[in-house]
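So you can see what is in the structure, the chains are spelled out below.
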Amino acid sequence: IMMSDNDIALFTHWHSTRFFDANGGHEFWVSEIKLADVSGTGGNIGKILIANTPIEARLRFKNVNRKINSIAKLQINCTLHNYYQNGFIAQLENISVQ
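A.B. asks: How should the pattern of salt bridges be read in this particular structure?
C.D. replies: A side chain of one charge can pair with a side chain of the opposite charge if their charged atoms are brought near each other. On inspection of all chains with the given rule, the structure shows 5 salt bridges. Between Glu32 and Arg60 there is a salt bridge, with its nearest N and O atoms 3.1 Å apart. In this pair, Glu32 sits in strand β2 (residues 27–35) while Arg60 sits in strand β5 (residues 57–61), placing the two residues 28 residues apart along the sequence. Taking the relative accessible area as the measure of exposure, Arg60 reaches 43% and is therefore partly exposed.

A.B. asks: Explain the packing of aromatic side chains here, please?
C.D. replies: Geometry of an aromatic ring pair is reported as the spacing of the ring centres plus the angle between the planes. Applying the stated criterion across every chain, the model contains 2 aromatic pairs. Seen in terms of ring centroids, Phe19 and Phe61 are 4.7 Å apart; in terms of plane orientation they differ by 90°. Their pairing is edge-to-face. With Phe19 in strand β1 (residues 8–21) and Phe61 in strand β5, this residue pair connects regions lying 42 residues apart in the sequence. A residue is classified by how much of its surface remains accessible, and Phe19, at 4% relative accessible area, is buried.

A.B. asks: What's the story with the nonpolar core in this structure? I'm lost.
C.D. replies: Taken as a class, soluble globular proteins show a tendency for nonpolar side chains to be buried jointly. Counting 14 residues, the largest nonpolar core has Phe19 and Ile33 as its most contacted members. Every element with two or more residues in this core is listed here: β1, β2, β4 (44–49) and β6 (70–80). Setting aside its immediate chain neighbours within four residues, Ile33 contacts Thr12, His13, Trp14, Thr17, Val38, Ser39, Gly40, Ile45, Arg58 and Leu59.

A.B. asks: Would you mind going over the environment of Gln91 with me for this structure?
C.D. replies: Within the secondary structure, Gln91 is located in strand β7 (residues 88–96). Under the relative-accessibility criterion, Gln91 is labelled partly exposed at 38%. The sequence separation of Gln91 and Leu74 amounts to 17 residues, and the corresponding C-alpha distance is 5.6 Å. Within polar-contact distance, the side chain of Gln91 engages the side chain of Gln75 at 3.0 Å. A distance of 2.8 Å separates a polar atom in the side chain of Gln91 from a polar atom in the side chain of Glu93.

A.B. asks: How do you make sense of the pairing of β2 when you look at a structure like this?
C.D. replies: Each regular strand carries side chains that alternate between the two faces of the sheet. Where β1 meets β2, 3 bridges bridge the pair, whose relative direction is antiparallel. Each bridged residue has a counterpart across the sheet, and for Arg18 the counterpart in β2 is Trp29. Pairing geometry for β2 and β5, over 5 bridges, is antiparallel. Across the sheet, Ile33 pairs through a bridge with Leu59, a residue of β5. Across 3 bridges, β2 lies against strand β3 (residues 38–40) in antiparallel orientation. Note that in β3 the partner of Leu35 across the bridge is Val38. Where β2 folds back on β3, the antiparallel hairpin that results is connected by 2 residues, among which Ala36 adopts a positive phi of roughly 55°.

What counts and how
- Residue numbering note: each chain is counted from 1, following its sequence as written.
- Only residues with pLDDT of at least 70 get local features here, since the model is predicted, and only at 80 or more are side-chain atom pairs given and counted; chain-wide, interface and lining totals rely on the full set of residues.
- Heavy atoms from the whole structure form the basis of all side-chain values; hydrogens and water molecules are not counted.
- By definition here, a salt bridge exists when the distance from a side-chain nitrogen of Lys or Arg to a carboxyl oxygen of Asp or Glu is within 4 Å.
- In DSSP terms, a helix is any run of H or I states spanning at least four residues, a strand is any run of E spanning at least two, and both are numbered starting from the N terminus.
- Only protein chains enter the accessibility calculation, which uses a 1.4 Å probe. A residue is then buried if its area is under 20% of the maximum for its type, exposed if over 50%, and partly exposed in between.
- Under the pairing criterion, centres of Phe, Tyr and Trp rings, with the six-membered ring standing for Trp, must be within 6.5 Å; the plane angle then separates stacked pairs below 30 degrees from edge-to-face pairs above 60, leaving the rest tilted.
- Remark: nonpolar core denotes a set of buried residues (Ala, Val, Leu, Ile, Met, Phe, Trp, Tyr, Cys) joined through side-chain atoms within 4.5 Å.
- The contact criterion used is simple: two residues touch if any of their non-hydrogen atoms lie within 4.5 Å.
- Think of a polar contact as two N or O atoms within 3.5 Å of one another; within protein, one of them needs to be a possible hydrogen donor and the other a possible acceptor, and neighboring residues in sequence only count if both atoms come from side chains.
- Only strands joined by at least two bridges in the DSSP assignment are considered to pair.

Have a look at this one:
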């Protein structure tokens, strides 16, 4: 993998990637992750992220059986290249859904 000092290889994982509905705390698990041109429906996917270059990221969730107006917490399980033992959870809170 060729990367500059500011580029990173990011891997996302289905295990522990989920969101919690702000209305009742219902939990929903991811069914598909897409990072730019790479997508998958199980396990993990990886993408080299080029410094200062935005990408489109898309997460689809399974069994969403209610109207979601707000997400209390979104957790995305991640690791960086060569740091599998040092994974982390990227967490976003209070997301408005339109």
